[in-house]
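Residues per chain, in single letters:
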Amino acid sequence: MWTKPLAALLLSCIARGGTAAANLFDDENEQVGVAAEAPTTHRTRAHYNLFDAPGEEEESERYTCKSIVAIAYSRRPVERREEAKRLRKKKHSTDTSGDDDNEELVDQHPEEGFVCELEGGSIAPIEATSEQLEEMRAALSNGTLISAVSTMEVDMFDVVEEDDELGGDDVGVSGWDTPPKSHSKSAKVPPGPIHLSSNSRRLVEHPQRRLNRLKGVKKLLVIRMTDSGGLEPPEDADYYSNKFFGTSGDTETPKAQIYGCSNGDMDLSPDFGHLNDKMTANGVLDVTIKSSLKKISTEDAWPLAQKEAEDILGCKLPYGCGADHVAFLMEDCHKGGCGWAAYAYIDWWPSVFVKDYGAHPAVVTHELGHNLNMAHSGWTGAPGIDQYGDHSCSMGNPYFTDYHDKICFNPAKNFQIANSGAWYDEKYVITLNMNSDTPYRELRFVGVAEYDKVAQYDSETNEDIAVVVKLETGSAVDFFVGFNRKTGQNSHNKLASDEVTIIEAGANGESYAQSWFTAGLAQGESYSFSKWAKTNEELVVKVVNIDTSEAPGYADVIIALGGATKSPTPVPTPAPGTSSPSISS
């Protein structure tokens, strides 16, 4: 049985919130306060410190970003191993009441970056103090900052450009080569606490846009980038077309995985209609940028590739060209905070891959998960905290190969998807408020990999069927229960296979939030929460039976508060002159 300390409930400080939408409105903004206290530990990414170098004060103008877009970075395997080694050297305590332990937990937050979206769709990197960056991450965590929806006033600086088309040999601010024209602006957060605002019309449109991202046919464009010096991804366009979409027969692709895990509710397509003749291969376009990857950052490079692609296609990416997502493939990262395999803009459209990671279907599916507003899935069990450690979920992706991808999402992520109105019938997504009025519940769980059989099975049984159950705590941090059936599109699962899993997540499970693997329970095992939901009662989740002999497999689970048992069927009081009815066993 896999478990983690209950004290990790205090990881509510890690809960992530926030969803995104396309930015189509320019209404007056409504001020939103930021009440979250910034974490005390932090590490800043070098490429966001653009104004640290001494020198003459630069002229700036106050500017309101069209939106603030967050970025989620996914480390390379070697970086993950080094982090695990570092954690093993640190004391890991189950007591989160002290500052030292809290500091260790907070230290493992995913380090999201931020950019300022400008009018016209271009972006500018955001520079801020370490305290401001932590405040922004905390706001993203608690849902005050909504990626691609929230706005902020910044001081906008013009970046000095070099005549050399490669970006110039002179070192710019903070040890950087001068960015190319794609980043001719850089944004600096004004001194003091951050002040976020949100467009009311965008917020109204936001739920529908979130649903639209998860349902139907979604067109994915893959842009394969070559730089001015000939640096390019390791494989050609036809290869990537097959690895993304299976156009030459590959069956383990992001397209197949998203289609399977969503039970056909969402499908990735390489078909761009009248633009197909301009593609290098199905869904893949080769472009060459006029700068060197050795002189600019990847955040500078992909907008250059976007511009080249727009010139070839004759339309504005993404939506003007009919694209829902765009994946940029490049040779490698050479400048500014490398060490990641890929990154994606949260609840937005771009993702970026270096080296051969764009050919790894599980990595691509993971980054698409970020585009769909999903955060990482971690584990706080031995040997230490790992924000990617939940290997029962694609957002804790354990695979860096070109042939593994059959792993779906954990119960917390599935609840988030269902809460948007996608993939799963609300009948099978249940929220339980366990209290003295409802202290006992029996449920039969069916795994998402066999969700296509749920409706028929439901019609043939009298059991209460569930795919996901949310255990409501009364706070923003809740627990989510599901049956992790290892079959079909989940057959490459690596943690708690064919067990009942319990996952912790913040933001009420409704939006972007780091989740944490809590327990995996086999038949006969149970997991207990002491003093459940501010009560003095113990809540127990017990697996009574697991049967995978037929499809769909299922797990029978009892959830009981304070030692409650199933109430016996009441015996009716007989009417005068009649005998008592008998009860058959």
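Residues numbered from 1 in each chain as written. Predicted model: local features only at pLDDT ≥ 70, side-chain atom pairs only at ≥ 80, totals over all residues. Heavy atoms only, no water.

Asker: Explain unusual backbone geometry to me, please; I cannot follow it from the model alone.
Answerer: Note on backbone geometry: most residues besides glycine have negative phi, and most peptide bonds are trans. The omega angle of the peptide bond from L317 to P318 is 0 degrees, so this bond is cis rather than trans. Within the fold, P318 resides in the loop between α7 (298–313) and β13 (325–330). A cis amide bond links A551 to the next residue, P552, at an omega of 0 degrees. By the secondary structure assignment, P552 is in the loop between β25 (539–547) and β26 (554–561). Of note, K355 is a non-glycine position whose phi angle comes to about 55 degrees, a positive value. Classification of K355 by relative accessible area gives partly exposed; the value is 35%. (Helix = DSSP H or I, 4+ residues; strand = E, 2+ residues; numbered from the N terminus. Buried < 20%, exposed > 50% of the residue type's maximum accessible area, 1.4 Å probe, protein only.)

Asker: Teacher, can you tell me more about the environment of I502 here?
Answerer: Relative to the assigned elements, I502 resides in strand β22 (residues 499–505). On the accessibility criterion, I502 (0% relative accessible area) is buried. Remark: the alpha-carbon pair of I502 and F483, spanning 19 residues in sequence, is separated by 9.1 Å. Non-local contacts of I502, meaning those with residues more than four positions away in its chain, are made with F479, F480, V481, W516, F517, T518, A519, L521, Y527, F529 and V541. (Contact = heavy atoms within 4.5 Å.)

Asker: When you look at the state of the cysteines in this model, what are you seeing that I'm missing?
Answerer: Covalently bonding the sulfur atom of one cysteine to the sulfur atom of another cysteine gives a disulfide. A complete count under the given rule lists four disulfides for this structure. At a sulfur-sulfur separation of 2.0 Å, the disulfide partner of C65 is C116. For the disulfide bridge between C65 and C116, the dihedral angle about the S-S bond is near -120 degrees, and by the sign convention the bridge is left-handed. Here C65 is found in the loop between β3 (60–64) and β4 (67–75), whereas its partner C116 is found in strand β5 (residues 113–117), with 51 residues between them in sequence. Judged by relative accessible area, C116 falls into the buried class, the value being 0%. Disulfide partner of C333: C338, at an S-S distance of 1.9 Å. Every disulfide takes its handedness from the sign of the S-S torsion; for C333 and C338 that torsion is -75 degrees, giving left-handed. Disulfide partners in the protein, listed by the sequence order of the bonded cysteines, are 1-2, 3-8, 4-5, 6-7. (Disulfide = S-S within 2.5 Å.)

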